[in-house]
Amino acid sequence: MPSDVAEAELRANGPDADWRDVVILAWYLRQRNPMRCQDLIASVLPSAGQLSDVLKGRLLLSVSESLRLQAKFDEALRNVNEADSYFAAAGDSLGRGDSAFCRAEIHLMSGTVSSAYADFDSAICFYQAANDDIRLFTVRCRVAYQRQYEDLKSAARQWMDTLREDLLPAHPGVLAYMAAFRGGVAFQRGDFPTAIRIWQAGFESAGTTGAVWLAVHLAMMIGSAFANLYDLSTAMEWKEKAYNLAAPTGWPEAIGTSLASMAETTTSLGQLERARVLFEDALPYLDRLNSIRRHVISYNAFGGLCLLMNAPEEALSWFEKGLAIARKLGQPDLELPNGVGVVTALLQTGRLEAAAAMAEEVRRQACDQRNPYYEIEAIRVRAAILRTTSPTDLAPVIEIMEQAIALGDSLSGMMIRSEIYAELARDYEAAGDYRKALAYERRSRESWQRNFDRQNGARIQALQVRFDTARAKAEAEHNRALAEAEATRAAELDHANQTLERLGVIGQEITARLDAEAVFTTLSRHLHDLMPTNTLFVGLKDEVNQIIDIRFRTEDGRRLPPRQVPLASDKLSARCVRDNEEILVAWGERTIPDSVPGTRHMRTVLFRPLALGNRVLGVVSVQSDQPNAYGPRELLIFRTICAYGAIAMANAEAYQQLDRAVGETREALQRLVQQEKMAALGQLVAGVAHEVNTPLGVTLSAVSQLNDSIRSLHGQVEKGLLTRSGLTEALDNGRELAALAQRNVTRAADMIRTFKGVAVDHGSDERRIFELGDYLSEIMSLIRARVAGNGNRIEIDVMPIQMDTYPGALAQVITNLVTNIADHAYAPDRPGRIILRGRAIDAYMVEIAVVDQGCGIPADILPKVFDPFFTTRRAAGSMGLGLHVVFNQVTQRLSGAITIDSVLGQGTVATVRIPREVPNYVPTAFFPLPT
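- For the chain, an unreviewed UniProt entry supplies the name histidine kinase and the organism Niveispirillum lacus.
- We quote the UniProt Catalytic activity (unreviewed entry) comment for the chain here in full: "ATP + protein L-histidine = ADP + protein N-phospho-L-histidine."

Right, here's the structure in full:
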């Protein structure tokens, strides 16, 4: 504790100081101030013979701790064993527990994990014997912290309920290790905000107790948690904080680990050259250690960086080193990522056989460990190998990629990366299966959107954690100041709390907007409420035209017209966007500031980029006519709201892109469906033309003969040759021809009238009452020529049923089903029967069956017949939308259901069940894609 250190300093520097005081102070400073500790040890060593066994042991423990942190493990082990012998001789259980604890830390850092656990067990026994609860619970928390990396479930089950703050001694050392363990559990479970909060508390406790090594690692872990929330700038701040703590100590493990951790985040930021320098600075420190977990993590990260920098050979060497150490440590969670790295590097260097063998080994290992993520990655690399070795034969590639996706789909909560769907979509496209290519491209977009939403949610969580931390610090600062000015500061504290809470609510409101104008309006309202804002504008960066498009401008509450600022200009808004940095300018009372024509002079202007990481979306500016209007409080508010605004603008941009893509896809499908409807109407026209041709031909022939008979009769009259019998014969013949013509004209008129009724039904969305049997007979009469052209026979067996539904939709369903039979069921030289049956199932439902006795549908094709664009006659010009339209019309327009049953070689039955009276609400412009 700080008070203990201060007291030891006073005693060691006091007039009555002895060697005991110096040894105790050196022990307290072993991590808090390593250089001072070494100086104290050096001052005591010449007189060590005068010390008691307990003090000799304590002095040697301080030496051992210093050697351990300098990675001199053999010397450290000799000193700790010698210290333990002195404690044993003195019967000091507390000292022996400290010796066992220090020895365990040496084993952990040198890579001999099993020996470490044996020493931890010994330390627990000695502390129990010494009745020292603080040390006892410290070592238990340390064991739990280490165990959770090896078996999370077991460690959580064993320790989570017992290692709680309310059950532990209120000592910062205990609380720091408890936080390391509990935060680690939250981190591995994916609860990064909770991990950050716990670790930040542990970091403060570690700093209080002088546990610098633990503070360094907690700071790095906090940075890693922020990186998992995609807040890379905050992650880098914490990792730099870890390095700044480690650098003065000279400890290789702490310095190397913090440098490597910074390099990982720098890689994520896209600063590859800087990341490489950091890795190259870190590795000499880490190489001074025997194989430890951090080695593996750093080698894997460096290998990944080398792949990004197109250096696969170098990457391979780092992955292989990491894999060897992971196997030595027996930590399978580190073996898999390095195994995948080896496979990827081998693939990029062209060693395909080795890559294939390693990929299969990784796949089996991932399968054995029940790690689907790396199993899928291994399968994906195998597919990449097959694409390289057999670029023209994509069937095996598609098969194993389908296996990967099936594996992901079989696991609840597993999210397959969009790149995997996209790769399979490209494979299907190259293979010519555009329907599946479209389906997987759609799944790729959906996966990308889910990941995008998850990242945005994570960023918001990171912001909230930062705000919570800022609030906690602000509260602590205010609480410390309460003793001096409680009455005054109480109001300020309350105001600050309300502001931060309001910012959280504001953030939720802003990020819920998916329209740019709504985002602008929300930003304006809250900025005007929270800070002095005479002028406000929001501009969006236009990369194509190299301008800042300032769409939203207000001054004194009135909207100003938009304006554009060249990105290359020297305007403050352009500088803010170009440099991605905040700009605050305040003019004095006597200085006349610049202003945009048509606007007032402002004395304080504040610009901040709308940015997500290094991506700048635009700029926000608030301006006041008062000098020095924006202090720390206003800057915090402005930065917070701008951060939320950047997320909201990115969401709005992504939503607009997705909405456009969905709209275009839906419009394209509707156009194709309309074409299919017109094609069905065209078939009716062709049938009517064929059927009308016969009666009109007969009528024309009868009229021609009648005309000839009249001319002959007229000639006989002129020549005076007409007889009674001749007149009688001519009149009889004329009456028969006129009757024949009348019958055929009537037949043609009936057919045309029927066609007009059906055609009107096809072209309209109106519902009406009609008799089912008569209507289906009319439809069949119109398409009889189209269907019976090859000798097919149509049989109709429909009960008289009154319907109140949409006849046009029903006509299209029956037309498409019957013509589909004509096209597919019977060969041109082998006609057959087409049977249309209709019956009432009950008072509400009707069943219509279209039956053939043709070739049938194969079992593997039957589930796909309603899919859009599926056809077996694409070479004949079929689009594959006929039965898809049937499905949509039956299920949507007619509020019914359709099934198709088929036996290969025996025929097919399409059964439609629809209500006699369709419900009042039926969607009329919705054509869903089947899932």
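### A closer look at the overall build of the chain
Okay, step 1: Along its length, the chain carries 30 helices and 14 strands.
Okay, step 2: Per-residue burial over the chain gives 49% buried out of 931 residues.
Okay, step 3: In the chain, once contacts between residues fewer than 6 apart in sequence are set aside, the share between residues at least 24 apart is 62%.
Okay, step 4: Only carbon and sulfur atoms are counted for the fraction: they give 52% of the accessible area of the chain, which is about 43,900 Å².

### Focus: a nonpolar patch on the surface
Okay, step 1: A cluster of nonpolar side chains, namely Val717, Leu722, Leu727 and Leu731, defines an oily patch on the protein surface of about 310 Å² accessible area.
Okay, step 2: Note on placement: Leu731 falls in helix α27 (residues 724-763).

### What about the packing of aromatic side chains?
Okay, step 1: Counted according to the given criterion, the structure contains 14 aromatic pairs.
Okay, step 2: Aromatic pair Tyr421 and Tyr440: ring centres 6.4 Å apart, planes at 20 degrees, arrangement stacked. Of the two residues, Tyr421 sits in helix α22 (residues 418-431) while Tyr440 sits in helix α23 (residues 434-511), which places them 19 residues apart along the sequence.
Okay, step 3: Look at Phe866 and Phe887: their rings are 5.2 Å apart centre to centre, the planes differ by 40 degrees, and that puts the pair in the tilted class. Of the two residues, Phe866 sits in the loop between β12 (845-852) and α30 (882-893) while Phe887 sits in helix α30, which places them 21 residues apart along the sequence.
Okay, step 4: Relative accessible area serves as the criterion here: at 15%, Phe866 is assigned to the buried category.
Okay, step 5: An aromatic cluster of three or more residues is present, and its members are Phe279, Tyr299, Phe302 and Trp318.

### Topic: the packing of helix α11 (residues 192-209) against helix α12 (residues 212-228)
Okay, step 1: Between α11 and α12, the shortest axis-to-axis distance is 9 Å and the interhelical angle comes to 160 degrees. Between α11 and α12, the angle falls in the class roughly antiparallel. The handedness of the crossing between α11 and α12 is left-handed. When α11 is examined against α12, the residues Phe192, Ile196, Trp199, Gln200, Gly202, Phe203 and Ala206 are found in contact with a partner set consisting of Leu214, Ala215, Leu218, Ala219, Met221, Ile222, Ala225, Phe226 and Asn228.
Okay, step 2: Residue composition of the contact of α11 with α12, by class: 13 nonpolar, 3 polar and no charged.

### Side note on unusual backbone geometry
Okay, step 1: A positive phi is found at Asn310, a non-glycine position, where the angle reads about 60 degrees.
Okay, step 2: Structurally, Asn310 is set in the loop between α16 (293-308) and α17 (312-329).
Okay, step 3: Looking at Asn310, the relative accessible area reads 66%, which means it is exposed.
Okay, step 4: With a phi close to 55 degrees, Asp556 is a non-glycine residue in the positive phi region.

### Looking at helix α18 (residues 332-348)
In an α-helix, one full turn covers 3.6 residues, which means residues spaced three or four apart are oriented alike.
Okay, step 1: Taking 1.5 Å as the rise per residue, α18 with 17 residues should run 24 Å; its terminal C-alpha atoms sit 25 Å apart, in good agreement.
Okay, step 2: Across the 17 residues that make up α18, a large majority, 13, are buried.
Okay, step 3: Immediately beyond the C-terminal end of α18, within one or two residues, lies Gly350, with a positive phi of roughly 85 degrees.

### Points about the nonpolar core
Okay, step 1: Ranked by internal contacts, the top residues of the largest apolar core, which has 133 residues, are Phe120, Leu163, Phe181, Leu214 and Leu218.
Okay, step 2: Top element by residues in this core is α12. It accounts for 12 residues.
Okay, step 3: In this structure, Phe120 is in contact with Phe101, Ala104, Leu108, Val139, Arg142 and Val143, ignoring residues within four places of it in sequence.
Okay, step 4: In terms of nonpolar packing, the next biggest core, distinct from the first, is built from 42 residues, Leu883, Ile900, Ile914 and Val918 among them.

### Focus on helix α6 (residues 93-110)
Okay, step 1: The end-to-end C-alpha distance of α6 is 26 Å, a good match for the 26 Å that 18 residues give at a rise of 1.5 Å each.
Okay, step 2: Counting buried positions along α6 yields 15 of 18 residues, so the element is predominantly enclosed.
Okay, step 3: Backbone nitrogen of Leu94 and a side-chain oxygen of the N-cap are separated by 3.1 Å at the start of α6; the cap is Asp92.
Okay, step 4: At the exit of α6 stands Gly111, carrying a positive phi of roughly 95 degrees.

### Thoughts on the sheet that holds β12
Okay, step 1: Pairing is mixed in the open sheet, where 5 strands are placed in the order β9-β11-β12-β14-β13. Where the open sheet ends on each side, the last strands, each with one partner, are β9 (793-798) and β13 (897-903). Recorded for the sheet is a direction-independent mean angle of 10 degrees between the axes of neighbouring strands.
Okay, step 2: As judged from the 8 bridges shared by β12 and strand β14 (residues 907-915), these two strands associate in the antiparallel manner. What sits directly across from Val850, in β14, is Ala910.
Okay, step 3: Strands in contact with helix α29 (residues 807-824) are β11 (833-840), β12 and β14; relative to β12, the strand with the most contacts, it is inclined by about 20 degrees.
Okay, step 4: Running over the sheet, α30 touches β13 and β14 and is turned about 140 degrees from β13.

### Quick notes on the pattern of salt bridges
Okay, step 1: For the structure shown, the criterion picks out 32 salt bridges.
Okay, step 2: Where Arg387 meets Asp427, a salt bridge forms, and the shortest distance between an N and an O atom there is 2.8 Å. Remark: Asp427 occurs in helix α22 and Arg387 occurs in helix α20 (residues 372-389); sequence separation between them is 40 residues.
Okay, step 3: Note on Arg387: relative accessible area 21%, which makes it partly exposed.
Okay, step 4: Note that Arg608 is salt-bridged to Glu582, the shortest N-O span being 2.8 Å.

### Thoughts on the confidence of the model for the chain
Okay, step 1: On average, residues of the chain carry a pLDDT of 80, and 82% of them reach 70 or more.
Okay, step 2: The low-confidence segment residues 921-931, where pLDDT is below 50, has 23 contacts with residues more than four positions distant or belonging to other chains.

### A few points about the environment of Ile398
Okay, step 1: With respect to the element layout, Ile398 can be found in helix α21 (residues 395-409).
Okay, step 2: Between the alpha carbons of Ile398 and Glu423 there is a distance of 9.5 Å; along the sequence they are 25 residues apart.
Okay, step 3: For Ile398, the contacting residues outside a window of four places in its chain are Leu424, Asp427, Tyr428 and Ala431.

### Notes on the state of the cysteines
Okay, step 1: One pass over the full model with this rule turns up 0 disulfides.
Okay, step 2: Unpaired in this structure, Cys576 has its nearest cysteine sulfur neighbour in Cys642, at a distance of 8.6 Å.
Okay, step 3: Exposure remark for Cys576: the relative accessible area of 0% places this residue in the buried category.

### Regarding the side chain of Thr266
Okay, step 1: Tracing the backbone through its elements, the reader meets Thr266 in helix α14 (residues 252-268).
Okay, step 2: On the basis of relative accessibility, which here comes to 0%, the residue Thr266 falls in the buried class.
Okay, step 3: If near-sequence neighbours (up to four positions away) are discounted, Thr266 is found in contact with Met236, Gln271, Arg274, Ala275 and Leu278.

### Looking at the environment of Val44
Okay, step 1: Note on placement: Val44 falls in helix α3 (residues 34-44).
Okay, step 2: Discounting residues that sit within four places of it in the chain, Val44 has contacts with Trp19, Val22, Val23, Leu51 and Leu59.

### Observations regarding the side chain of Glu335
Okay, step 1: Residue placement: Glu335 occurs in helix α18.
Okay, step 2: Residues in contact with Glu335, not counting those within four places in the same chain, are Leu323, Ala326, Arg327 and Gln365.

### Thoughts on the packing of helix α5 (residues 73-90) against α6
Okay, step 1: Between α5 and α6, whose axes approach to 9 Å, the crossing angle comes to 165 degrees. Compared by their axis directions, α5 and α6 come out roughly antiparallel. In terms of crossing hand, the pair formed by α5 and α6 is left-handed. When α5 is examined against α6, the residues Phe73, Ala76, Leu77, Val80, Asn81, Ala83, Asp84, Phe87 and Ala88 are found in contact with a partner set consisting of Gly95, Arg96, Ser99, Cys102, Arg103, Ile106, His107, Met109 and Ser110.

### Some points on the pairing of strand β7 (residues 615-624)
Okay, step 1: Burial analysis of β7 places 9 of its 10 residues in the buried class, the great majority of the element.
Okay, step 2: As paired strands, strand β1 (residues 535-542) and β7 are joined by 6 bridges and run antiparallel to one another. Its bridge partner lying in β7, Gly539 is registered against Val619.
Okay, step 3: Across 9 bridges, strand β6 (residues 604-612) lies against β7 in antiparallel orientation. Looking across to β7, one finds that Ala611 is bridged to Val616.

Conventions adopted
Residues numbered from 1 in each chain as written. Predicted model: local features only at pLDDT ≥ 70, side-chain atom pairs only at ≥ 80, totals over all residues. Heavy atoms only, no water. UniProt positions renumbered as here; feature names shortened; annotations may be inferred. Helix = DSSP H or I, 4+ residues; strand = E, 2+ residues; numbered from the N terminus. Buried < 20%, exposed > 50% of the residue type's maximum accessible area, 1.4 Å probe, protein only. Contact = heavy atoms within 4.5 Å. Areas by Shrake-Rupley, 256 points an atom, 1.4 Å probe, with all protein chains shown as cover. Patch = residues over 30% accessible without salt bridge, like charges linked within 9 Å, V, L, I, M, F, W, Y side chains within 5 Å. Salt bridge = Lys/Arg side-chain N within 4 Å of Asp/Glu carboxyl O. Phe/Tyr/Trp six-rings, centres within 6.5 Å; stacked < 30°, edge-to-face > 60°. Axes fitted to C-alpha atoms, helices over the stretch in contact; angles between N-to-C directions. Parallel < 35°, antiparallel > 145°, perpendicular 65-115°, else oblique. Left-handed = near helix turned anticlockwise from the far one by under 90°. Nonpolar A, V, L, I, M, F, W, Y, C, P; charged D, E, K, R; others polar. Expected span 1.5 Å × (residues − 1). Core = buried A, V, L, I, M, F, W, Y, C linked by side-chain atoms within 4.5 Å. Polar contact = N/O pair within 3.5 Å; in protein donor to acceptor, adjacent residues only side chain to side chain. Pairing = 2+ DSSP bridges. pLDDT = per-residue confidence, 0-100. Disulfide = S-S within 2.5 Å.

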